[in-house]
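# Observations on the model geometry
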Amino acid sequence: MNANNQYEYDLFVIGAGSGGVRAARMAAALGVRVAVVEQDRAGGTCVNLGCVPKKLYVHAAEYGSAFAAAVGFGFDSSRPPLDWQTLQQNKDGVVAQANRGIEGMLSKAGATLIRGKATITGRHEVTVAGTSYSAERILIATGSRPFVPELPGSDLMVTSDELFTLPQLPTRALIIGGGYIATEFTGIFHGLGVAVTQAYRGNLFLRGFDEEIRTYVADQMRKKALDLRFHCQPTRIEKNVDGSLLVSFNDGSTGTTDLVLAATGRRPNTSFLGLEEVGVELDERGAIKVGEGFQTSVPSIYALGDVINRLQLTPVALAEAMNLVDRLYRGKKTPLSYELIPTAVFSSPNIGTVGLSEEQASEQYPDIDIYTAEFRSLKQALAGTTERYLMKLIVDANSDRVLGAHMVGEGAGEIIQGIAIALKAGATKAIFDQTIGIHPTSAEEFVTMRSKTRSINR
Ligand code: NDP
């Protein structure tokens with residue numbers, strides 16, 4: 001590490017979210033002089049308005065069906081009412097604890113946390129509340145914010161940000177979008193007892209996921225009496241005198257609801273940073289353009305995480321941050337691999353996925369074999385629900401390598417995380433077959449799929 005004493009700091013990080021905090025901590029721990037500036041709570045979207053409070057809502061929603069399922073196991077139960085304020089307060093407590101934990105970790109690592117809004121005022125200069133700081137390198141890790149489509153009454157919609165401070169749970173909700181946030185919140189609201197409708201503009205939600213998985217999830221959700229509407233787009237939203245919302249749709253229909261959530265993607269946070277003035281270029285999607293080493297068009301300025309819009313996932317931002325610190329301060333220049341990134345949608349039911357979908361694999365490989373297992377779990381047998389599981393492996397028929405693993409069902413994210421390690425290690429289907437199952441689990445199905453469901457050859 002070569003400290004350049006002509007500057008106050010070696011690394012000045014803008015944004016104390018997942019990527020910024022990880023880069024600041026790792027660099028500071030190596031003796032790098034680091035400052036981090038944050039205008040809001042430490043932890044960014046994931047900790048304050050995303051992954052963490054969302055997962056707590058998911059757990060709360062799971063109790064909704066658990067009370068009904070418990071009857072099949074002999075419990076004499078009826079579903080008690082939800083106290084929304086208690087859930088909010090307890091969730092806020094967890095988030096506040098995480099905020100303090102992050103601040104503590106930064107200070108323990110030796111990084112300075114500065115409060116305020118930052119503007120880049122030079123290639124080596126950041127200004128916060130009238131004070132300018134010089135730094136050898138600047139790292140932009142400002143994340144992203146929800147995008148709200150333009151339509152008459154769009155100001156009446158809320159985004160995922162507001163869902164974490166709702167004063168009360170709505171009775172009815174309409175969710176616009178077919179991605180992660182829309183599908184997760186459809187499940188959350190349903191589990192919490194809200195009459196929810198999810199409206200997606202295309203023919204099938206979760207674009208980009210394996211088609212059989214998307215179709216299966218839609219079927220499972222509909223079996224739970226969830227109202228999914230495809231080819232459906234709001235065209236106007238108006239407020240009724242009683243405060244409810246009247247929504248008009250592209251097919252001419254209308255509906256009344258209490259809350260409309262725009263879960264229609266997120267955009268990089270690049271405004272008001274002074275990027276244009278300093279010469280940092282954006283790409284055609286408005287994200288900061290970076291090369292392999294996360295360097296922007298200005299050599300002393302770097303960017304990573306949602307603001308570069310490669311994959312808007314916390315673990316990806318963390319990996320990018322560690323890769324950058326390795327490059328800048330440890331002399332390791334290995335490019336970050338974006339292959340085989342596992343991901344989960346905490347919808348109801350959950351989806352877990354790693355590697356190629358059937359559609360991607362059949363485009364990239366001449367011969368693929370598909371293995372599937374579709375079943376009702378032991379738990380569901382007594383729970384008396386309609387819920388079933390789907391597991392799927394996609395195998396390159398010529399090398400026997402497993403190219404993709406997908407699952408729909410309880411714990412899908414937990415199970416796929418382990419399978420992702422096997423895929424990273426290059427596991428073949430023969431290795432899966434040689435692995436002894438853990439009985440009785442759902443996960444054992446991944447090592448007991450003996451007969452091919454189908455082969456695709458071109
Ligand atoms: P996504 O990109 O996942 O989905 C956006 C959805 O909105 C798509 O269905 C898209 O449709 C639709 N859409 C876009 N523009 C419009 C429009 N003008 N009118 C109507 N619909 C529109 O974004 P999310 O907001 O759901 O989530 C943001 C990111 O956060 C995700 O990409 C994900 O990376 C991350 N995230 C990850 C989670 C996890 O790991 N579990 C959980 C939550 C978020 P179309 O498909 O037709 O383009």
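This section reports on the structure supplied with the text. (Residues numbered from 1 in each chain as written. Predicted model: local features only at pLDDT ≥ 70, side-chain atom pairs only at ≥ 80, totals over all residues. Heavy atoms only, no water.)

## Overview of the overall build of the protein chain
So the rule is basically this: Secondary structure elements follow DSSP: runs of H or I of four or more residues count as helices, runs of E of two or more count as strands, with numbering from the N terminus. When accessible area is computed with a 1.4 Å probe and restricted to protein chains, residues below 20% of their type maximum are described as buried, those above 50% as exposed, and intermediate ones as partly exposed. For this analysis, residues touch if any pair of their heavy atoms sits within 4.5 Å.
Along its length, the protein chain carries 13 helices and 22 strands. Viewed in the frame of its principal axes, the protein chain has a C-alpha envelope of about 70 × 65 × 45 Å. Residues classed as buried in the protein chain amount to 49% of the 458 residues present. Intrachain contacts of the protein chain at a sequence separation of at least 6 include 62% that bridge at least 24 residues.

## Topic: the environment of Lys379
Turning to its location among the elements, Lys379 is positioned in helix H11 (residues 378-383). A relative accessible area of 43% places Lys379 in the partly exposed class. Each C-alpha atom, one on Lys379 and one on Gly191, is 18 Å from the other, the two residues being 188 residues apart in sequence. With sequence-adjacent residues up to four places away left out, Lys379 is seen in contact with Phe73 and Glu410.

## Structural notes on helix H6 (residues 180-191)
As a reminder of what qualifies: Take the residue count of a helix, subtract one, and multiply by 1.5 Å to get its expected span.
With twelve residues, H6 should cover 16 Å at 1.5 Å per step; its first-to-last C-alpha distance of 17 Å lies within 8% of that length. Ala182, Thr183, Glu184, Phe185, Thr186, Gly187, Ile188, Phe189 and Gly191 are the residues of H6 that are buried. Following H6 by one or two positions, Gly193 adopts a phi angle in the positive range, close to 95°.

## Some remarks on the pairing of strand S9 (residues 195-200)
Put simply, the rule is: Strands qualify as paired when DSSP identifies two bridges or more between them. Throughout, right-handed denotes a crossover for which the path from the first strand over the helix to the second runs clockwise when the strands point away from the viewer.
Across the six residues of S9, five count as buried, placing the element largely inside the fold. Relative to S9, strand S8 (residues 172-176) runs parallel, the two sharing five bridges. What sits directly across from Ile176, in S9, is Ala199. Traced from S8 through H6 to S9, the parallel crossover comes out right-handed. By the bridge criterion, four bridges tie S9 to strand S10 (residues 227-230) in an arrangement that is parallel. The residue of S10 that forms the bridge with Gln198 is Leu228.

## Concerning the sheet that holds strand S19 (residues 367-375)
Short version of the rule: Fitting a line to C-alpha atoms yields each axis, with helices limited to the stretch in contact; the angle taken between N-to-C directions then spans 0 to 180 degrees.
Pairing is antiparallel in the open sheet, where six strands are placed in the order S17-S18-S21-S20-S19-S22. With one partner strand each, in any of the chains shown, strand S17 (343-345) and strand S22 (454-457) form the two edges of the open sheet. Between one strand axis and the next, the sheet turns by 15° as a mean value, whatever way the strands run. Pairing analysis gives five bridges linking strand S18 (residues 351-355) to strand S21 (residues 402-408), with the strands arranged antiparallel.

## Here we look at unusual backbone geometry
Cis geometry is adopted by the peptide bond preceding Pro349, which originates at Ser348 and carries an omega value of 10°. Note on placement: Pro349 falls in the loop between S17 and S18. Cis rather than trans, the peptide bond between His439 and Pro440 has omega equal to -10°. Tracing the sequence through the fold places Pro440 in the loop between helix H13 (429-434) and S22. Phi at Asn309 is positive, roughly 55°, even though this residue is not glycine. By the secondary structure assignment, Asn309 is in the loop between strand S16 (301-303) and helix H9 (314-329).

## Section: the packing of helix H3 (residues 51-70) against helix H4 (residues 84-109)
Formally: Helix crossings get a hand from a simple test, with the near helix turned counterclockwise from the far one by less than a right angle marking a left-handed crossing and a clockwise turn marking a right-handed one. For this classification, Asp, Glu, Lys and Arg are treated as charged, while Ala, Val, Leu, Ile, Met, Phe, Trp, Tyr, Cys and Pro are nonpolar and the rest, including Gly, are polar.
At a minimum axis separation of 10 Å, H3 and H4 run at an interaxial angle of 145°. Crossing of H3 against H4: the hand is right-handed. Contacts between H3 and H4 involve Val52, Pro53, Leu56, Tyr57 and Ala60 on the former and, on the latter, Trp84, Leu87, Gln88, Lys91, Val94 and Val95. Across the contact of H3 with H4, the residue classes tally to nine nonpolar, one polar and one charged.

## What about the site of the ligand?
Cut-off, in case you're wondering: One heavy atom within 4 Å of a molecule or strand makes the whole residue count as near it. Any pair of nitrogen or oxygen atoms within 3.5 Å is treated as a polar contact; in protein, a donor-acceptor pairing is required on top of that, and neighbouring residues in sequence qualify only through side-chain atoms on both sides. Accessibility throughout is a Shrake-Rupley quantity obtained with a 1.4 Å probe, and a residue counts as covered only by protein chains that appear here.
In the vicinity of the ligand lie 21 residues, with Ile181, Tyr200, Arg207, Gln312 and Ala344 positioned nearest. Residue Ile181 places a main-chain N or O atom 2.8 Å away from an oxygen atom belonging to the ligand. Within the side chain of Glu184, a nitrogen or oxygen atom sits 2.9 Å from a nitrogen atom of the ligand. Its free accessible area being 910 Å², the ligand has 79% of it covered by the protein chains. Ranked by the residues each element gives to the shell around the ligand, the list is headed by H6, at three residues. Its residues assigned to classes, the shell around the ligand shows nine nonpolar, seven polar and five charged.

## What to know about the sheet that holds strand S12 (residues 245-249)
Within a sheet, adjacent strands bond to each other through the backbone by hydrogen bonds, running parallel or antiparallel. Pairing is antiparallel in the open sheet, where three strands are placed in the order S11-S12-S13. Sheet topology places strand S11 (234-239) and strand S13 (254-257) at the edges, where each strand pairs with a single neighbour. Each adjacent strand pair in this sheet contributes to an overall mean axis angle of 25°, direction not counted. Pairing of S12 with S13, which is carried by four bridges, proceeds in the antiparallel orientation. The partner of Leu245 across the bridge, within S13, is Thr257.

Nothing here speaks to function; it is all geometry.
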